[in-house]
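Understanding the architecture of this molecule
Residue-level listing of the chains:
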Amino acid sequence: MSENKTAEELPLYEVFIRSKNGLHHKHAGSLHAADAEMALTNARDVYTRRSEGVSIWVVKATDVIASNPEDKGSFYEPNDDKLYRHPTFYNIPDEVGHM
Amino acid sequence: MTENEMHFEYLLRLGDNCAILGQRLAEWCGKAPVLEEELALMNVGLDLIGQARLLLDHAGKVEGAGRDEDKLAFFRDTQEWRNLLLIEQPNGDFAKTMARQMFFDCFQYLQFEALLDSSDKTLSEIAAKSLKEITYHRRHSTNWVIRLGDGTEESHEKMQAAIDELWGFVPEMFDMDEVEDAMVAAGIGADVNALRPRWDEMINSILEEATLKRPEDTWSVRGSRVGKHSEHLGFLLAEMQFLPRAYPDAKW
Amino acid sequence: MTVIDNTNDQLEQAFQSKVDAELKIEPKDWMPDGYRKTLVRQMSQHAHSEVVGMLPEGNWLTRAPSLKRKAILMAKIQDEGGHGLYLYSAAETLGVSRDEMYEQLHTGKAKYSSIFNYPTLNWADIGAIGWLVDGAAITNQIALCRCSYGPYARAMVKVCKEESFHQRQGYEIMINMANGTKEQKEMAQDAINRWWWPSLMMFGPHDKNSDHSSQSMKWKIKRTSNDELRQRFVDATVPQAKFLGLEVPDDKLAWNEEKQSYDWGEIDWDEFRNVVAGNGLCNRERLQTRRDAHEGGKWVRDAALAYAEKQKKRAAEKHAA
């Protein structure tokens, strides 16, 4: 908590929008709000002015747990050489047809 | 008044509320307490102007004298306007704007819900479209009244003052007169007097949650139904109507 | 010491090669201090411009001449607010808070586009702002969609998409005015007379006089030079003015067949500097309006926070019980 009363800012929320049923929620941006209800209605007013969504998620920005860019090596690169996870790794004779 | 004249008059009452409240919200442009709220207020304003256009356009057609939405919005003088006195009251601070909005949103919600069954098909269609918008407006203004009422000491005082200041404009919303009676009888209009108990229920529960006191019914003012408005409306119209009046031949 | 310096050099090199390869930089990636500072300055300035830019148009919102025009203008001004919000959010990914940015605006430390310090005096100004000012802004913003900083580029893509109607609605107003009554034509010409040169100033100083330009180009924060964008705007806009039958207030304006674009006069840079320095007709008013809105809204924000805090406590008590 800040001791300085004037330094208090409304918390930041991240906004995710599902543009239509069948699609994932996608990050749309962020906004400030005092509470969850305000975050939700603000998200509606700010991010769906052109009917961009059918569903909204708001998450307090401080509740998002993010990986670090420095972890790129240990997180993602070990999977680069595991080509056997991809269908193109396997040779199937043409005669077999589509598989 | 013929039934047709009363029908026209009735539609003006509905449309004028939306036009004037939309105009009042436009005055907030660039001045909202939070940027996010700026967008929210304008969303409400846009809905209201949209409703006003539909209702005034329909009114003009019912009148049959060739007046369109803009003729009706920009070329009627103060005493020809039929919006509620509550609607034309100045914005004041954010608490007063939200109190006015919440009183009206709850009223308009009930009124338009009743208008879904109107025998005037155009009107019932407008009501159906608007009701979705109003449902959101009501949620928005209600939330703010509760937040401000149950927020800080300062906001509580301001919110209570706003409720008190506007309370005397409430009874007019539910008045019946010759026009309202005839429209109810014709199956066109909604019986607003019958809506009062539900409105009271809504308001009581909001005020309770907001830790606000329901004011005593010690005063009320009336007059908009017959064109007797507060002095505020003249200035609002002077500003709003200036261009078309100054250049009546122009097309914009 | 040397070790740290080397590491920094290496990081900087890696950063630059990433930028050169057109890879985007994201918030948590390493970036040079100068890059971060330049971005914060530019993005917050851009955000402030959107928010202050609501005011000259808001000046006519209550006087729009038809309900349709009122609705369109309201939606447009609302968009500007939204764009300011997207941009503040993008800047916040770099660790600066919106309140800090406001503070810089309100104390005059941060700038915003000087164009908004000119007054809107007649209805055609609303047309001219949409057509010329938004036109100039879009020219700039399209270039910024390819900016190296991911959040800025993404915000710009959204802004450009939404702004596409802004210039068209402005031009439509101009068409109606230019083809309207004698008074309307006069208003239209008066509007272009007052807004033409300030619109050209929006692209900033000549490249040779621009302090930040070359480094920003190298970092790909800026993708096209001020002068190039300005020329692009002139070439696109002059034919539009001709179509309206309006005169562009520049007696040096002439088509250059050889370079296939327009030659034109010189911007009054003294006026430019004067308005940037705070001495435009509306500088003080615009800032005061923003300050009043922010300070005047403090009790509302405080109340919202206090209420949220109470709700949280109540929920915890309920949970405990």
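Calculation notes
- Residues numbered from 1 in each chain as written.
- Chains lettered and ligands numbered in written order.
- Predicted model: local features only at pLDDT ≥ 70, side-chain atom pairs only at ≥ 80, totals over all residues.
- Heavy atoms only, no water.
- Helix = DSSP H or I, 4+ residues; strand = E, 2+ residues; numbered from the N terminus.
- Contact = heavy atoms within 4.5 Å.
- Pairing = 2+ DSSP bridges.
- Axes fitted to C-alpha atoms, helices over the stretch in contact; angles between N-to-C directions.
- Salt bridge = Lys/Arg side-chain N within 4 Å of Asp/Glu carboxyl O.
- Buried < 20%, exposed > 50% of the residue type's maximum accessible area, 1.4 Å probe, protein only.
- Buried area = accessible area lost by both parts, 1.4 Å probe.
- Polar contact = N/O pair within 3.5 Å; in protein donor to acceptor, adjacent residues only side chain to side chain.
- Phe/Tyr/Trp six-rings, centres within 6.5 Å; stacked < 30°, edge-to-face > 60°.
- Core = buried A, V, L, I, M, F, W, Y, C linked by side-chain atoms within 4.5 Å.
- Patch = residues over 30% accessible without salt bridge, like charges linked within 9 Å, V, L, I, M, F, W, Y side chains within 5 Å.
- Areas by Shrake-Rupley, 256 points an atom, 1.4 Å probe, with all protein chains shown as cover.
- pLDDT = per-residue confidence, 0-100.

1. Side note on the overall build of chain A
In terms of regular secondary structure, chain A is built from 2 helices and 3 strands. The helix and strand sequence of chain A, counted from the amino end, reads β-β-α-β-α. When the backbone C-alpha atoms are referred to their principal axes, chain A occupies close to 75 × 35 × 15 Å. Contacts spanning at least 24 positions in sequence make up 41% of the contacts within chain A whose residues lie at least 6 apart.

2. Some remarks on the sheet that holds strand β1 (residues 12-18) of chain A
All names here are of chain A. Judged by pairing direction, the sheet is antiparallel, and its 3 strands sit side by side in the order β2-β1-β3 without closing on themselves. Two strands close off the open sheet at either side, each with one partner strand: β2 (25-32) and β3 (55-60). For this sheet the average axis-to-axis angle between neighbouring strands, irrespective of direction, equals 25°. Inspection of the sheet shows β1 paired to β3 by 6 bridges, in the antiparallel sense. Residue pairing for β3: R18 is matched across the bridge by S55.

3. Focus on the pattern of salt bridges
All names here are of chain B. Applying the stated criterion across every chain yields a total of 45 salt bridges over all chains. Here R76 makes a salt bridge to D16, at a shortest N to O gap of 2.8 Å. Of this pair, R76 sits in the loop between α3 (69-74) and α4 (85-88) while D16 sits in helix α1 (residues 3-26), placing them 60 residues apart in sequence. Exposure remark for R76: the relative accessible area of 2% places this residue in the buried category. In this structure D16 comes out as buried when scored by relative accessible area, which is 0%. Salt bridges linked by common partners bring E9, R13, R82, D177 and E180 together as one network.

4. Examining the interface of chain C and chain A
Of the residues lining the interface, 22 residues belong to chain C; the matching set on chain A comes to 24 residues. Summing both partners gives a buried area of about 1800 Å² for chain C against chain A, and 52% of it is carried by carbon and sulfur. If you sort the residues of chain C by the area they bury against chain A, K28, D99 and L305 of chain C come out on top, with a joint share of 27%. Summed over the shared surface of chain C and chain A, the result is 4 salt bridges. We note a salt bridge from R49 of chain A to D79 of chain C, for which the minimum N-O separation is 2.6 Å. Where chain C meets chain A, there are 12 residue pairs in polar contact (both at pLDDT 80 or more). Residue assignment for the side of chain C that touches chain A shows that the elements contributing at least two residues are α4 (67-92), α5 (98-106), α7 (150-178) and α13 (298-320) of chain C. Residue contributions to the side of chain C that touches chain A peak at 8 residues, all from α4 of chain C.

5. Overview of the packing of aromatic side chains
In the structure shown here, the tally under the stated rule is 27 aromatic pairs over all chains. Here the aromatic rings of F89 of chain A and Y90 of chain A are separated by 5.0 Å at their centres, their planes lie at 80°, and the arrangement is edge-to-face. Overall, F89 of chain A belongs to the partly exposed group, its relative accessible area being 43%. Of the residues examined, Y90 of chain A reaches a relative accessible area of 46% and is grouped as partly exposed. Judged by centre distance (5.6 Å) and plane angle (45°), the rings of F203 of chain C and F233 of chain C are tilted. Taken together, the residues F203 of chain C in the loop between α8 (182-201) and α9 (213-218) and F233 of chain C in helix α10 (residues 226-244) connect sequence positions 30 residues apart. For F203 of chain C, a relative accessible area of 3% corresponds to the buried category.

6. Side note on the nonpolar core
Membership of the largest hydrophobic core comes to 192 residues, with the highest contact counts inside it found for F103 and W199 of chain B together with W123 and Y149 of chain C. Beyond its immediate chain neighbours, meaning those up to four positions away, Y149 of chain C contacts I25, E26, P27, M31, Y35, L39, M43, A90, T93 and L94 of chain C.

7. As for the interface of chain B and chain C
Counting residues at the interface gives 49 residues for chain B and 48 residues for chain C. Buried surface at the junction of chain B and chain C, summed over both partners, amounts to about 4000 Å²; 71% is from carbon and sulfur atoms. When the area that chain B buries against chain C is broken down by residue, the three leading residues are L35, D150 and W252 of chain B, summing to 18%. Viewed at the interface, chain C and chain B are joined by 3 salt bridges.

8. A short note on unusual backbone geometry
Phi at T211 of chain B is positive, roughly 55°, even though this residue is not glycine. Considering the arrangement of structural elements, one finds T211 of chain B in the loop between α10 (196-209) and α11 (232-246). Accessibility expressed as a relative area gives 40% for T211 of chain B, which makes it partly exposed. Although it is not a glycine, Q260 of chain C adopts a positive phi angle of roughly 55°. Locating Q260 of chain C in the fold gives a position in the loop between β1 (254-256) and β2 (261-263).

9. Things to note about the pairing of β1 of chain A
All names here are of chain A. In this sheet, β2 lies alongside β1 in antiparallel orientation, the contact comprising 7 bridges. Directly across from I17, in β2, lies its bridge partner K26. Linking β1 to β2, which pair antiparallel, is a turn of 6 residues; within it G22 sits at a positive phi near 105°.

10. A short note on a nonpolar patch on the surface
The grouping of L83, Y84, F89, Y90, I92, V96 and M99 of chain A at the surface amounts to a nonpolar patch, some 770 Å² of accessible area in total. Take M99 of chain A: it is sitting in the segment after α2 (72-76).

11. A closer look at the confidence of the model for chain A
In the predicted model, chain A carries a mean pLDDT of 89, and 93% of its residues have values of at least 70. Considering only residues more than four positions removed or in separate chains, one finds that residues 1-6 of chain A, a stretch of pLDDT under 50, has 4 contacts.

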